[in-house]
Amino acid sequence: MLPRERILETLLELSHRSSGRSRPVLLEKVLRNALVLCECEGAVVFATQSRQFERVALTRADAAPHSLEIVRQGSAFARTLLRNGLPMMTPDLADDGRMGVEDGCPGVEAGPALFVPLWQREQASGYFALYRRRGQERFTAEDTRVALLLGAWTGMAIENLRLAESLERLAVTDDLTQVY
């Protein structure tokens, strides 16, 4: 179990103004901190962006996060997760019939996985997934609470970034005519 101070330090670091000036920087910081806080081998953010889905992954071995190809509406499991908006845990991703290969993390052999929703405007708009290698211990209730906290912060940060970008756009264009 991680000390409470480490969790609070991480959230304060993520909340610093310079930590989320762009979506890629924000997602990288979230993924890097998730690897440490939840002691996992890989992390994936699956989120909506401009009415499309994006999927970004990071493993301990990666120098930088990378975008993953996704199907237009996400997998059947992703759609279920977004519909019910509840965290889901599996002791072994490879043996769980609800999930497909596309629900895993490239570079991490399927093992324990934890999926938590990202909330924006009172609805699940994506999810945050954490992966451990096969044979490693399962995620605990404490891991789930930390991931939910990080997922809630991430959803809020993505929404705040979207609103800031929208405000910047409105500041330089006429809302009615869309002229500069």
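As shown above, the structure is provided for reference.
Counting restarts for each chain, with residues numbered from 1 along the sequence as it is written. Local features in this predicted model are restricted to residues whose pLDDT is 70 or higher, and side-chain atom pairs enter the listing and the counts only when it is 80 or higher, whereas totals over whole chains, interfaces and linings include all residues. To obtain the side-chain values, all non-hydrogen atoms of the structure were included, while hydrogens and water were left out.

Enquirer: Looking at this model, I keep getting lost on the overall build of the chain. Mind explaining?
Expert: Where helices and strands are cited, they refer to DSSP runs of H or I of at least four residues and of E of at least two residues respectively, numbered from the N terminus. A tally of regular secondary structure across the chain gives four helices and six strands. Going residue by residue from the N terminus, the α and β elements of the chain occur as α-α-β-β-β-α-β-β-β-α. Judged by the C-alpha coordinates and their principal axes, the chain covers about 60 × 40 × 30 Å. Expressed as a percentage of contacts within the chain between residues at least 6 apart in sequence, the contacts between residues at least 24 apart total 59%. The accessible surface values rely on the Shrake-Rupley method and a 1.4 Å probe; as for residues, cover is taken only from the protein chains in view. For the chain, the accessible area works out to roughly 10300 Å², and carbon and sulfur atoms hold 54% of it. Counting rule for charge: Lys and Arg are taken as positive, Asp and Glu as negative, and neither His nor the chain ends is counted. Lysine's charge is taken at NZ, arginine's at CZ, aspartate's at CG and glutamate's at CD. The average position of the 22 basic charges and that of the 24 acidic charges among the side chains of the chain differ by 3 Å. We call two residues contacting when some pair of their heavy atoms lies within 4.5 Å.

Enquirer: It is not clear to me how the pattern of salt bridges should be interpreted in this structure. Could you clarify?
Expert: The term salt bridge refers to a pairing of a side-chain nitrogen on Lys or Arg with a carboxyl oxygen on Asp or Glu at a separation within 4 Å. Within this structure, the stated rule accounts for ten salt bridges. Between Arg 134 and Asp 92 there is a salt bridge, with its nearest N and O atoms 3.0 Å apart. Taken as a pair, Arg 134 in the loop between β6 (123-131) and α4 (141-172) and Asp 92 in the loop between β4 (88-90) and β5 (113-120) lie far apart in primary sequence, 42 residues in all. Classification of residues uses two cut-offs on accessible area relative to the type maximum, computed with a 1.4 Å probe and protein chains only: under 20% is buried, over 50% is exposed, and between them is partly exposed. For Asp 92, a relative accessible area of 15% translates into the label buried. Between Asp 143 and Arg 132 there is a salt bridge, and its shortest N-O distance comes to 3.3 Å. Here Asp 143 is found in helix α4, whereas its partner Arg 132 is found in the loop between β6 and α4, with eleven residues between them in sequence. In terms of burial, Asp 143 and Arg 132 fall into one category: buried. If you follow the salt bridges from partner to partner, you end up with Glu 41, Arg 60 and Arg 133 in one network.

Enquirer: Hey, could you run me through helix α1 (residues 4-15) in this one?
Expert: Structurally, the α-helix is built with 3.6 residues per turn, so residues lying three or four positions apart point the same way. A rise of 1.5 Å per residue sets the reference length of α1, with its twelve residues, at 16 Å; its end C-alpha atoms lie 17 Å apart and thus fit the reference within 8%. On its buried face, α1 sits against α2 (23-37) and α4. What a helix is expected to span follows from its residue count: subtract one and scale by 1.5 Å.

Enquirer: I would appreciate a short explanation of unusual backbone geometry in the present structure.
Expert: With the exception of glycine, the majority of residues adopt a negative phi angle, and the majority of peptide bonds are in the trans configuration. Positive phi values are uncommon outside glycine, yet Glu 39 reaches one of about 45 degrees. Taking the relative accessible area as the measure of exposure, Glu 39 reaches 46% and is therefore partly exposed.

Enquirer: Even after reading the chapter, I still don't get the packing of α2 against α4, so can you show me in this structure?
Expert: Each pair of packed helices can be summarised by the angle the axes make with each other and by the distance between the axes. Axes here mean lines fitted to C-alpha atoms, for a helix over just the part in contact, with angles spanning 0 to 180 degrees between N-to-C directions. The interhelical angle for the contact between α2 and α4, taken along N-to-C directions, is 175 degrees, at an axis separation of 11 Å. Between α2 and α4, the interaxial angle falls into the category roughly antiparallel. Residue-level contacts link Arg 23, Leu 26, Leu 27, Val 30, Ala 34 and Leu 37 of α2 to Val 146, Leu 150, Trp 153, Thr 154, Ala 157, Ile 158 and Leu 161 of α4. For this classification, under 35 degrees means roughly parallel, over 145 means roughly antiparallel, 65 to 115 means roughly perpendicular, and everything else is oblique.

Enquirer: Honestly, the pairing of strand β2 (residues 52-59) in this entry has me stumped. Any pointers?
Expert: If a strand is regular, its side chains alternate between the two faces of the sheet. Among the eight residues of β2, six are classified as buried, and the element is accordingly described as predominantly covered. Relative to strand β3 (residues 66-67), β2 runs antiparallel, the two being bridged by two bridges. From the neighbouring strand, Val 56 faces β3, where its bridge partner is Ser 67. Strand pairing requires that DSSP identify at least two bridges connecting the strands. Linking β2 to β3, which pair antiparallel, is a turn of six residues.

Enquirer: Please clarify how the environment of Glu 137 should be interpreted in this entry.
Expert: Of note, Glu 137 is situated in the loop between β6 and α4. Judged by relative accessible area, Glu 137 falls into the exposed class, the value being 58%. Between the alpha carbons of Glu 137 and Ala 47 there is a distance of 27 Å; along the sequence they are 90 residues apart. Leave out the neighbours within four places in its chain, and Glu 137 touches Pro 112 and Arg 132.

Enquirer: Teacher, can you tell me more about the environment of Leu 81 here?
Expert: Of note, Leu 81 is situated in helix α3 (residues 76-84). With residues up to four places along the chain from it excluded, the contact list for Leu 81 reads Leu 86, Met 88, Phe 115 and Tyr 127.

Enquirer: I would appreciate a short explanation of the side chain of Arg 55 in the present structure.
Expert: Its place among the elements puts Arg 55 in strand β2. One buried charged residue, Arg 55, remains without a salt bridge, the closest side chain of opposite sign being Asp 103 at 5.8 Å. Polar contacts, as counted here, are pairs of nitrogen or oxygen atoms within 3.5 Å of one another; within protein the pair requires one atom able to donate a hydrogen and one able to accept it, and residues that are adjacent in sequence qualify only if both atoms are side-chain atoms. A polar contact is formed between the side chain of Arg 55 and the backbone oxygen of Gly 104, at a distance of 2.3 Å.

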